[in-house]
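# Structural characterization, general
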Amino acid sequence: MKRFALAGNPNSGKTTLFNALTGSNAYVGNWPGVTVEQRKGVYKKKGVEEVEIVDLPGIYSLSPYTPEEVISRNFILDEKPDCIINIVDASNLERNLYLTTQLLEMDVPVIIALNMMDIIEKRGDKIDTEAIERKLGVQVVPISASRDKGLEDLMQYAIATAHGERKGKTVLENESGEMVKGATKIYEKAGVENPMFHAVKALEKDEIELKIHEDLVKEVLNKYEDHKKPFDELSADGRYNFITKEVSIYDSASRRAQKAKLTGSDKIDKILTHRWLGLPLFFLVLLVVFALTFSEDLFFLNRWFGVEFEHASFAGTMFEGLIWTEEGINSPGVILANFVNAFNGVGDFTEDVAWGGIMVSINSWVEPLKEVPGWDWFPGFVNTIFADGVFAVIGFLPQIAVLFLFFSILEDCGYMARVAFIFDRIFRKMGLSGRALIPMIMGFGCSVPAMINTRTLNTDNERISTIRVIPFFTCGAKAEMLSAIAGVLAINFGLNAVAVSYGFYVGGMFVAVLAVILMHWTTLREKVPPFIMELPSYHFPSPKATAIHLWDKIKHYVEKAATIIVIAALLIWLFTHLSFTQGWIKEAAFEENALEAYHNSVLGQVGYVVSYIFTPVGFGAQTAEGWAYTVATLTGLVAKEVVPGTISVLASGDIEAFVQASGITLGGFFGFITFSLFTIPCFAAIGAAKGELKKGTLWKTICFWLGSGYVMGALVYVTVDYVWSLAITLPLIIGVYVLAYFYNKKKTAQERELEKAKEEIIESL
Amino acid sequence: MKKTLNNFKVGETGIITSIKGEGRIRRRMLDMGLTTGTEVYLRKVAPLGDPIEVTLRGYELSLRKSEAETIELEMKEGD
């Protein structure tokens, strides 16, 4: 089967074209070793030979500036596709053709797919495709990827092109053209494949080229050194001059007219990136997205405007409270989640309706086995796999999907690029670019989509530090945990639960900022990534592209999360039923005295030992039931909703009385909450992080979370219970930051010198 | 009159006379079309004063003032 590579600028409609060509059989993975999406698919059409299509990442050039550029260039050089389909955005011809002039220097058949011709025609412009063909020496096929126009022609020509061969050709003329030709001869003599491409890179003093062909680069540079202008400038000038002179549709008069006219995008930007309105509007957009995803009182219609309901919708059925409750109207996200959960029979459902969802049916089938000797464990086991495992994953899905949908739309329509533009100033101070704000904010909803979203960040270090602090943004499950223990805070400790929750939200963000800065100064040192970014014009996202986008991400989540959560649920079940002393704990023992049965289990005993580790966090040896808090904390690593659930089971339903009896202090209880909020958020998040990080980094990140939970928990515990300890801890923290600051300063100076030395070596070649 | 891009005001246009800068960032700017002789128009400034958005070669590009500082342009009068 022939293999074609799809190459082009970001925002040129490349993904749309890929989806249109490959349909539903696309496969999404990561490029080996890096977290850049790799998409492959097969073009199938009756009477035409099947072709594999590889979607290269969107790039502006073949310089080794971003991982995407290196991947694309290596793919073409090493994997030798039979043809490159170079998609070119006709409405942005100049910059798009720049990449084309570089691709043409490789010994690969190339065909140009001139996209968005409909926009050009609408504008009343004309592009002479024949002139481009003549000048570039390759075929040009006008298409409209979003309207499925011209695609069959494109593939027919591409297949014909792939059967031939093409020698690299440069558009550079005069001085730089002569240099390229001469350097190419040197590479040809050495028998290097794609000689012209390598020769150009040698003249540009390209870092990668220097590594692989050091001798040849030196030979080339010896011959062609000493020009007034560096070659990279000559070549960029030359390429752009060729494009404007020979093929561009714009003359300066039409461009001036275009500039003077306010485009639709400008009008929108006048408001969205307005000096005063820009920031508040962003937070308003976020509020609306979160309200539509998570709110159980949509837009506070009940709280603020008193839109009340006497009864919940569908009262008395398994769908009770589906659309509204006494609290208010549900958001679309909650309605979907309620529907799915009711169908599965997990969560709030009425047991006495005839068919209470799949879970009730399953339970009723296996229930009789309780009486069968030797099978009494089976119903509980089945309940664990389905209720805690499979349906827990499915139960998360609706809201994750809704959140994904909104963020995909904001991304595709061009707003996210503006968000990066607005916030870059603040984030640069922390060593990140403005883009990093988006995954962090998504973390308030759910860590899983937030971590997947870090793909859009520029550098590895930026991605790692963002993933690490995402859990500090209190997610939906943690909010649920906080609300479950609200009673304890109010009754046992006489505190205002809302104020405490708010404190944890704000504290989390604050710690995230401090952690990012510390990492930027020490372990994740790197220059602040540059911010040279195209701002695409606003446009309505195509429903088809959004749907495919959404489907990819959901599939990714289910694959990663499902296995991890189901296995974890199974392990917890196993270790709460095994006992070191009694072998297998009978189901009847749990019904008799849950606290004692759990205490005797392997998990309870391990919890007992581990609880001593948590003494500095306030819920270890100090309290009679330290093991119970420890077990809740450990199971909470699977998912934070489990924490109150476990405590509730251990306390036989009365958490307040249990906390009272355990004799835990306020600081200890705060330490208990804090640890859970700042540690591994859930196994699903580990699964998501696994997809985005390299293996070693993943382990370091897990250790980071365990450490951050422990340190923060201990800090909160001692501060609440022994305020005087601030006299020790505060100087300690400040000391760490001062040390890190000077470490960073010294390292930066060293790195600058190293870089200077390196550049001098390259210059001297 | 010559001045660097970071000193431009919204609505001003200039023609690039030189790109100073170093290494990868300079290379990136060249790739994005910021070459000598190119007309650049300062379209807007972010709410916090940085980065900036310029129009060149028929598209919009945003960059930081620290990067814009390395680009020198000849102001176009009466534009």
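Residues numbered from 1 in each chain as written. Chains lettered and ligands numbered in written order. Predicted model: local features only at pLDDT ≥ 70, side-chain atom pairs only at ≥ 80, totals over all residues. Heavy atoms only, no water.

## Examining the overall build of chain A
Along the backbone of chain A there are 36 helices and 12 strands. Whereas a compact globule of 765 residues would reach a radius of gyration of roughly 27 Å, chain A reaches 30 Å, a difference of no more than 12%. On the principal axes, the C-alpha backbone points of chain A span a range of 90 × 60 × 55 Å. For chain A, the proportion of contacts with a sequence separation of at least 24, taken over those separated by at least 6, is 70%. Both charge centroids of chain A, one from 69 positive and one from 85 negative side chains, sit 9 Å from each other. (Helix = DSSP H or I, 4+ residues; strand = E, 2+ residues; numbered from the N terminus. Rg over C-alpha atoms; globule rule 2.2 N^0.38 Å. Contact = heavy atoms within 4.5 Å. Lys, Arg positive; Asp, Glu negative; His and termini not counted. Charge placed at Lys NZ, Arg CZ, Asp CG, Glu CD.)

## Overview of the interface of chain A and chain B
Opposite the 48 residues of chain A that make contact, chain B presents 39 residues. When chain A packs against chain B, close to 4100 Å² is buried across both sides, 50% of that on carbon and sulfur atoms. Ionic pairing is found between Arg24 of chain B and Glu207 of chain A, a salt bridge with its closest N-O pair at 3.3 Å. Across the contact surface, chain A and chain B share 20 residue pairs in polar contact (both at pLDDT 80 or more). (Buried area = accessible area lost by both parts, 1.4 Å probe. Salt bridge = Lys/Arg side-chain N within 4 Å of Asp/Glu carboxyl O. Polar contact = N/O pair within 3.5 Å; in protein donor to acceptor, adjacent residues only side chain to side chain.)

## Describing a positive patch on the surface
A surface patch of positive charge is lined by Lys181, Lys185, Lys189 and Lys223 of chain A. The biggest single contributor to the positive patch is helix α7 (residues 174-189) of chain A, with three residues. (Patch = residues over 30% accessible without salt bridge, like charges linked within 9 Å, V, L, I, M, F, W, Y side chains within 5 Å. Areas by Shrake-Rupley, 256 points an atom, 1.4 Å probe, with all protein chains shown as cover.)

## Remarks on the nonpolar core
All names here are of chain A. Core analysis: the biggest nonpolar cluster contains 101 residues, and Val469, Tyr629, Phe669, Phe672 and Ile673 have the highest contact counts within it. Residues from two domains meet in this core; each of domain 3 (262-386) and domain 4 (566-733) gives at least three. Contact partners of Tyr629, with chain neighbours within four places excluded, come to Phe619, Thr623, Ile647, Phe658, Val659, Ser662, Ile664, Phe669 and Phe672. One finds Leu62, Ile84, Ala90 and Ala236 within the second-largest nonpolar core, a separate group that totals 38 residues. (Core = buried A, V, L, I, M, F, W, Y, C linked by side-chain atoms within 4.5 Å. Buried < 20%, exposed > 50% of the residue type's maximum accessible area, 1.4 Å probe, protein only. Domains from an automatic or database assignment.)

## A look at the side chain of Asn461 of chain A
Residues and elements named next belong to chain A. Structurally, the position occupied by Asn461 is in helix α22 (residues 460-469). Residue classification places Asn461 among the buried positions, given a relative accessible area of 19%. Other than its neighbours up to four places away in sequence, Asn461 contacts Leu524, Arg525 and Glu526.

## Observations concerning the sheet that holds strand β10 (residues 533-534) of chain A
By way of backbone hydrogen bonds, the strands of a sheet pair with one another, either parallel or antiparallel. Reading across from one edge, β10(A)-β5(B)-β4(B)-β3(B)-β2(B)-β6(B)-β1(B) is the order of the seven strands in this open sheet, with antiparallel pairing throughout. Taken across any chain shown, the strands that pair with only one partner, and hence form the sheet edges, are β10 of chain A together with β1 (2-4) of chain B. Pairing geometry for β10 of chain A and strand β5 (residues 59-63) of chain B, over two bridges, is antiparallel. Bridge assignment links Glu534 of chain A to a residue of β5 of chain B, and that residue is Leu61 of chain B. (Pairing = 2+ DSSP bridges.)

## Brief notes about the pattern of salt bridges
It is possible for side chains of opposite charge to pair when their charged atoms get near one another. Considering all chains together, one arrives at 34 salt bridges over all chains under this definition. Across the salt bridge formed by Glu173 of chain A and Lys245 of chain A, the nearest N and O atoms sit 3.9 Å from each other. Here Lys245 of chain A lies in helix α11 (residues 231-247) and Glu173 of chain A lies in the loop between α6 (151-162) and α7, a separation of 72 residues in the sequence. By relative accessible area, which is 40% here, Glu173 of chain A ends up partly exposed. Arg64 of chain B is paired through a salt bridge with Asp424 of chain A; the nearest N and O atoms lie 2.6 Å apart.

## What about empty space enclosed by the protein?
All names here are of chain A. Going through the model one piece at a time under the given rule, you end up with three cavities of 30 Å³ or more. Met430, Gly431, Leu432, Asn461, Glu462, Ser465, Val516, Met519, His520, Leu524 and Glu526 are the residues that line the largest cavity. Those elements giving two or more residues to the lining of the largest cavity turn out to be α22 and α25 (497-521). Of the residues assigned to the lining of the largest cavity, the class counts are five nonpolar, four polar and two charged. Each pocket or cavity is described by its volume, and for the second largest cavity that value is around 50 Å³. Lining the second largest cavity are Ile485, Val488, Tyr629, Val643, Pro644, Ile647, Ile655, Val659, Phe669 and Phe672. Of all the elements, helix α31 (residues 642-650) adds the most residues to the lining of the second largest cavity, at three residues. In terms of residue class, the lining of the second largest cavity is built from 10 nonpolar, no polar and no charged. (1 Å grid on protein atoms, 1.4 Å probe; cavity = no way out; pocket = protein on both sides within 12 Å on 5 of 7 lines; lining within 4 Å. Points joined across faces, edges and corners; volume = space filled by probe spheres on them. Nonpolar A, V, L, I, M, F, W, Y, C, P; charged D, E, K, R; others polar.)

## Brief notes about the environment of Asn6 of chain B
Residue and element names in this part refer to chain B. As for its placement among the helices and strands, Asn6 is situated in the loop between β1 and β2 (13-19). Here the alpha-carbon distance between Asn6 and Ile16, two residues 10 residues apart in the chain, equals 13 Å. Look past the residues within four positions of Asn6 in its chain and what remains in contact with it is Lys65, Ala68 and Glu69. Within the structure, Asn6 has its side chain in polar contact with the side chain of Thr4 (distance 2.6 Å).

## Describing the domain arrangement of chain A
Entries for chain A in the domain assignment read domain 1 (2-162), domain 2 (174-261), domain 3 (262-386) and domain 4 (566-733). The gap between the C-alpha centroids of domain 2 of chain A and domain 4 of chain A is 61 Å.

## What about the pairing of strand β3 (residues 37-45) of chain A?
Residues and elements named next belong to chain A. Where β3 meets strand β4 (residues 48-55), six bridges bridge the pair, whose relative direction is antiparallel. What sits directly across from Gly41, in β4, is Ile53. Hairpin remark: β3 followed by β4, antiparallel, with two residues in the connecting loop; positive phi at Gly47, about 80°.

## What about the side chain of Arg27 of chain B?
Mapped onto the secondary structure, Arg27 of chain B falls in helix α1 (residues 23-31). In this structure the side chain of Arg27 of chain B is engaged in a polar contact, spanning 3.5 Å, whose partner is the side chain of Glu204 of chain A. Not counting chain neighbours up to four residues away, the residues in contact with Arg27 of chain B comprise Ser63, Tyr98, Gln102, Glu204 and Asp232 of chain A.

## Comments concerning the pairing of strand β6 (residues 110-115) of chain A
Residue and element names in this part refer to chain A. Across the six residues that make up β6, a large majority, six, are buried. Burial of β6 is two-sided: the residues Val110, Ile112 and Leu114 facing one way and the residues Ile111, Ala113 and Asn115 facing the other way are all buried. Direction of pairing for strand β5 (residues 83-89) relative to β6: parallel, over a ladder of six bridges. Its bridge partner lying in β6, Ile87 is registered against Ala113. Between β5 and its parallel partner β6, the chain crosses via helix α3 (residues 93-103), and the hand of that crossover is right-handed. Relative to strand β7 (residues 139-142), β6 runs parallel, the two being bridged by four bridges. Bridge pairing in β7 places Leu114 opposite Pro142. (Right-handed = clockwise from strand over helix to strand, strands pointing away.)

## Details of the packing of aromatic side chains
All names here are of chain A. Summed over the entire model, instances satisfying the criterion amount to 34 aromatic pairs over all chains. On the numbers, 4.8 Å between centres and 20° between planes, the contact of Phe614 with Phe619 is stacked. Phe614 gets classed as buried once you look at its relative accessible area, which sits at 5%. Residue Phe619 is classed as buried on the basis of its relative accessible area, which comes to 0%. Taken together, a centroid distance of 6.1 Å and an interplanar angle of 55° make the contact between Tyr722 and Trp724 tilted. You can call Tyr722 partly exposed: its relative accessible area is 36%. An aromatic cluster of at least three residues, connected via ring pairs, comprises Phe493, Phe614, Phe619, Tyr629, Phe658, Phe669, Phe672, Phe675 and Tyr710. (Phe/Tyr/Trp six-rings, centres within 6.5 Å; stacked < 30°, edge-to-face > 60°.)

## Quick word on the confidence of the model for chain A
The predicted model of chain A averages 85 in pLDDT, with 94% of residues at 70 or higher. A low-confidence stretch, residues 348-353 of chain A (pLDDT under 50), is modelled with nine contacts involving residues beyond four sequence positions or located in other chains. (pLDDT = per-residue confidence, 0-100.)

## What to know about the confidence of the model for chain B
Residues and elements named next belong to chain B. Averaged over every residue, the pLDDT of chain B is 89; residues scoring 70 or more account for 97%. Per-residue pLDDT, averaged within each element of chain B, yields its smallest value for α1 (87) and its largest for strand β6 (residues 71-75) (93). If you check the scores for this complex, the pTM reads 0.81 and the ipTM reads 0.95.

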